[in-house]
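For reference, the chains in residue letters:
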Amino acid sequence: MRHFEYLSDAEIQRLFHRAPQPFTVDTDPGMLAMGLGATLYSPGTRPRLAADIAKRAAYGVVSLVVCLEDSIADEEVPFAEQNTVAQLREYAQTGASGPLIFVRVRSAYQIRLIVDGLGEHLPVLAGFVIPKFLGSTGVEFLEEIEAASERTGRRLYAMPVLESPELAYTETRRDELEGVRQLLMKHRSTILAVRTGATDLSSAYGLRRNRELTIYHVHVIASVISDIVNVLGRAGGDGFVITGPVWEYFSYQERIFKPQLRESPFKEHDERPLRAKMIDADLDGLIREVVLDQANGLTGKTVIHPSHVAAVHALSVVSHEEYSDACEILAATTGGVKASQYKNKMNESKPHRAWAEQLLRRATMFGVVNEDVSYIDVISASDQL
């Protein structure tokens, strides 16, 4: 797999100073987590799930979750379990090398059911997503995943979702996060990334953000995300990749506020029609939230509509300016400060080093655009809206 694999060699050369690198499920987990990008959720009840996966992979999806939890009704669970196994077996027989496929289970018994059901086709599965994860409830799931890995000789990853009320409420959050941290550290080799569940966290207060606000405008939930990053996202080898929460909207409705995409960048890149198209698809709110995700230490995002994928991935590409800064910072091995090559900021090698190291990991997975190229050009070339 490779991000933007659907682009021609000529388009890759036109857009990228450093092209995205190929990866597989066996790639270093730190790099793999950084490259998850827009993780598309799909209910396990979809009758043509195998065909859907193939279609979405062709349009740039590199990580996908088949959901057996909240996206399906309780009475649909038996059918969803059977359908998920059958559809993943069917997809495995196509011989496709991607995307990274995870199953979101609601009960630990489903881990063995899925693994045993896939049998010789288990390599199609990258791992499991664990909902409502807490230090007290996650043990059973992690031990079941690790037992399956040992039994089959195939490493299966876990992605816990932090979304329980105990994490939302201030009086229990600190102890619960510490319990989560201790459990994740104990099972570190199994944890690929930590996902944030803003929808469930919001439900603890009867809240739902509208399409014209980001999750960071909902302060009670933004404070939870801040604490999750504080405890689990620290630099220096003790942290985990933490992914951004789902963006729930995908169609145009009447607005209260003006669109959130400035017109001038689209004018400069001769892409005014693209701006109108993105606004009609409600992608301006998504783009703003992705930028704020990154500013707050989150990488990648849960998405529920294919139109979101191109935008999230385009915003994950590293700019030429960021790349130049990171290389300059890492080249200064004895400390010090100097003006950037772009002459618009200072680069201080010691405090900026952790940022630079993370940025270069993202650059490996998503690439670095040429000096005169922006995310607008990448979205336009993707033509996936």
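Scoring rules and cut-offs
- Sequence order as written defines residue numbering, which begins from 1 separately in each chain.
- Local features in this predicted model are restricted to residues whose pLDDT is 70 or higher, and side-chain atom pairs enter the listing and the counts only when it is 80 or higher, whereas totals over whole chains, interfaces and linings include all residues.
- For side-chain calculations, the full set of non-hydrogen atoms in the structure is used, while hydrogens and water are omitted.
- UniProt positions are given in the numbering used here, feature names are shortened, and annotations may be inferred rather than shown by experiment.
- Criterion used throughout: strands pair if DSSP finds at least two bridges between them.
- Numbered from the N terminus, helices here are DSSP runs of H or I no shorter than four residues, and strands are runs of E no shorter than two.
- Axis definition: a line fitted to C-alpha atoms, over the contacting stretch in the case of helices. Angles run 0 to 180 degrees between N-to-C directions.
- Any two residues whose heavy atoms approach within 4.5 Å are treated as being in contact.
- Pairing of aromatic rings covers Phe, Tyr and the six-membered ring of Trp, with a centre-to-centre limit of 6.5 Å; geometry is then stacked below 30 degrees between planes, edge-to-face above 60, and tilted otherwise.
- Here's how the labels work: a residue is buried when its accessible area is under 20% of the maximum for its type, exposed when over 50%, partly exposed in between, all with a 1.4 Å probe on protein chains only.
- When the NZ atom of lysine or the CZ atom of arginine is within 6 Å of a ring's centre and also within 35 degrees of its normal, the charge is said to sit over that ring.
- Cavity and pocket criteria rest on a 1 Å grid covering protein atoms alone: a 1.4 Å probe that fits but cannot get out defines a cavity, protein on both sides within 12 Å along at least 5 of 7 lines defines an open pocket, and an atom within 4 Å of a point defines a lining residue.

- The protein goes by HpcH/HpaI aldolase/citrate lyase family protein in an unreviewed UniProt entry, where it is assigned to Sanguibacter biliveldensis.
- The UniProt entry for the protein carries the following comment under Cofactor (unreviewed entry): "Mg(2+)".

1. Examining the sheet that holds strand 8 (residues 242–247)
No. 1: Within the closed barrel, the eight strands sit side by side as 2-3-4-5-6-7-8-9. Their pairing is parallel. Averaged over all pairs of adjacent strands, the angle between their axes in this sheet comes to 30°, without regard to strand direction.
No. 2: Strand direction decides the pairing type here: strand 8 and strand 9 (residues 301–303), joined by two bridges, are parallel. The residue of strand 9 that forms the bridge with G244 is K301.
No. 3: The strands touched by helix 3 (residues 49–58) are strand 2 (38–43), strand 3 (63–67) and strand 4 (100–104); relative to strand 2, the strand with the most contacts, the crossing angle is about 165°.

2. Observations concerning the packing of aromatic side chains
No. 1: As enumerated under the stated definition, the model contains four aromatic pairs in all.
No. 2: Where F4 meets Y6, the ring centres are 6.4 Å apart and the plane angle is 70°; that geometry is what we call edge-to-face.
No. 3: The partly exposed category is assigned to Y6, whose relative accessible area is 27%.
No. 4: The interplanar angle of 70° and the centroid separation of 5.9 Å between the aromatic rings of W247 and Y249 together place this pair among those described as edge-to-face. Each of the two residues, W247 as well as Y249, counts as buried.
No. 5: Here the aromatic residues F4, Y6 and F16 are joined through ring pairs into a cluster of three or more.
No. 6: Here the basic side chain of R188 rests over the ring of F240, its NZ or CZ set 4.3 Å away from the ring centre.

3. Comments concerning the UniProt feature "binding site: Mg(2+)" (unreviewed entry) in the protein
No. 1: Here the UniProt-annotated "binding site: Mg(2+)" (unreviewed entry) positions come out as E171 and D200. Considered against the second largest pocket, the annotated residues that line it turn out to be D200.
No. 2: Relative to the helices and strands, E171 resides in helix 8 (residues 170–186).
No. 3: Assignment of secondary structure puts D200 in helix 9 (residues 198–203).
No. 4: Look at D200 and you get buried, because its relative accessible area is 19%.
No. 5: With sequence-adjacent residues up to four places away left out, D200 is seen in contact with D70, K132 and E163.

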